[in-house]
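Read off the chains here:
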Amino acid sequence: MQPLDLTDTRLLQALARDPRRTVVALAQKLGLSRNTVQARMAQLEKKSVFLSFERRINTVSLGYPLTAFIHVHVQQQKLAAITHSIAAVPEVIEAFGLTGQADILVRVVAVDAEDLFRINGKILACDGVERCDTSLAMGELIPFRVEPLLARGPRAAS
């Protein structure tokens, strides 16, 4: 992927501050033409710079006030099938492959402790899962953010 330039990062900063801003308003704010902003937005979209809108939906508003992180220990040769099975659990909102003690870090949401126990059981029931270590999130200390990276400006790939 081609690195972003200063104009791209300025555009992203403006969007981060006010994602509902129109192309015309962005152009005025940044001192660019409407066509330039539109073209840049299209290029950013094509480069998959934007995440899905789904990431902005608060799961608490959907009735899932608990967030937990489950470290899943698996049989490596079954990793693809396990990942597919875990993805079938609706309360799994993201998962990462890891190095270190655990193999997969799964972020889940739940209605309450009993619901979390049920979800944990679904993950444990996946063929090839050896064990799970579950941690309940007590609160989000630093929400997802990229604005500090945008403020630093584009970095060259190493």
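Every value quoted in this text rests on a predicted model; they were computed, and no experiment measured them.

Visitor: Please explain the overall build of the chain as it appears in this structure.
Guide: Helix and strand counts for the chain stand at six helices and four strands. Along the chain, helices (α) and strands (β) appear in the sequence α-α-α-β-α-β-β-α-β-α when read from the amino end. Its C-alpha radius of gyration of 20 Å places the chain more than 25% over the 15 Å reference for a compact globule of 158 residues. Reported as C-alpha extents along the three principal axes, the dimensions of the chain are approximately 55 × 35 × 25 Å. Across the 158 residues of the chain, 28% fall into the buried class. In the chain, 68% of the contacts between residues at least 6 apart in sequence involve partners at least 24 apart. Carbon and sulfur atoms provide 56% of the accessible area of the chain, an area that totals close to 10800 Å².

Visitor: Whenever I open this one, the sheet that holds strand β2 (residues 92–97) confuses me. Can you help?
Guide: Paired through their backbone hydrogen bonds, the strands of a sheet run either parallel or antiparallel. Strand order in the open sheet formed by four strands is β2-β3-β1-β4, and the pairing between neighbours is antiparallel. With partners counted over all chains shown, the strands left at the sheet margins are β2 and β4 (129–136), one partner each. Each adjacent strand pair in this sheet contributes to an overall mean axis angle of 20°, direction not counted. Pairing analysis gives seven bridges linking strand β1 (residues 66–74) to strand β3 (residues 104–110), with the strands arranged antiparallel. Considered in β3, the bridge of T67 is made with V109. On the sheet, helix α4 (residues 79–87) packs against β1, β2, β3 and β4 and is oriented at approximately 10° with respect to β3.

Visitor: Would you take a moment to explain the domain arrangement of the chain for this structure?
Guide: A common measure of how large an interface is: the accessible area buried when the components associate. Its domain assignment divides the chain into domain 1 (6–50) and domain 2 (60–137). Relative placement of domain 1 and domain 2: their C-alpha centres are 36 Å apart.

Visitor: What am I meant to see in the nonpolar core here?
Guide: A general feature of soluble globular proteins is that nonpolar side chains tend to end up buried together. Core analysis: the largest hydrophobic core is formed by 18 residues, its most contacted members being V72, I86, V106, V108 and I123. Secondary-structure elements contributing two or more residues to this core are β1, α4, β3, α5 (113–124) and β4. Leave out the neighbours within four places in its chain, and V108 touches L66, T67, A68, I70, E91, V92, L116, I119 and I123. Counting residues in hydrophobic clusters, the runner-up holds ten residues, among them A14, L26, A27 and L30.

Visitor: How should I be thinking about the pairing of β2 in this particular structure?
Guide: Residues in a regular strand project their side chains so that they alternate between the two faces of the sheet. Direction of pairing for β2 relative to β3: antiparallel, over a ladder of five bridges. Looking across to β3, one finds that A95 is bridged to V106. Taking the residues that link successive antiparallel strands as the turn, the β2-β3 hairpin has six residues, and the phi of G100 there is positive, at about 105°.

Visitor: Looking at this structure, I do not really get the packing of helix α1 (residues 6–17) against helix α3 (residues 34–46). What am I missing?
Guide: In helix packing, the relevant descriptors are the interaxial angle and the interaxial distance, both defined with respect to the helix axes. Following both chains from N to C, one finds α1 and α3 inclined at 90°, their axes separated by 11 Å at the closest point. By the angle class used here, α1 and α3 are roughly perpendicular. Judged by residue contacts, T7, D8, L11, L12 and L15 of α1 engage V37, R40, M41 and L44 from α3. Here the residues of the contact of α1 with α3 sort into six nonpolar, one polar and two charged.

Visitor: Quick question: what am I supposed to make of the UniProt feature "domain: HTH asnC-type" (unreviewed entry) in the chain here?
Guide: Per the UniProt record, "domain: HTH asnC-type" (unreviewed entry) is annotated on residues 4–65. For the annotated span residues 4–65, helix accounts for 53% and strand for 0% of the residues, and the straight-line distance between the end C-alpha atoms is 37 Å.

About the thresholds
- Residues numbered from 1 in each chain as written.
- Predicted model: local features only at pLDDT ≥ 70, side-chain atom pairs only at ≥ 80, totals over all residues.
- Heavy atoms only, no water.
- Helix = DSSP H or I, 4+ residues; strand = E, 2+ residues; numbered from the N terminus.
- Rg over C-alpha atoms; globule rule 2.2 N^0.38 Å.
- Buried < 20%, exposed > 50% of the residue type's maximum accessible area, 1.4 Å probe, protein only.
- Contact = heavy atoms within 4.5 Å.
- Areas by Shrake-Rupley, 256 points an atom, 1.4 Å probe, with all protein chains shown as cover.
- Pairing = 2+ DSSP bridges.
- Axes fitted to C-alpha atoms, helices over the stretch in contact; angles between N-to-C directions.
- Domains from an automatic or database assignment.
- Core = buried A, V, L, I, M, F, W, Y, C linked by side-chain atoms within 4.5 Å.
- Parallel < 35°, antiparallel > 145°, perpendicular 65-115°, else oblique.
- Nonpolar A, V, L, I, M, F, W, Y, C, P; charged D, E, K, R; others polar.
- UniProt positions renumbered as here; feature names shortened; annotations may be inferred.

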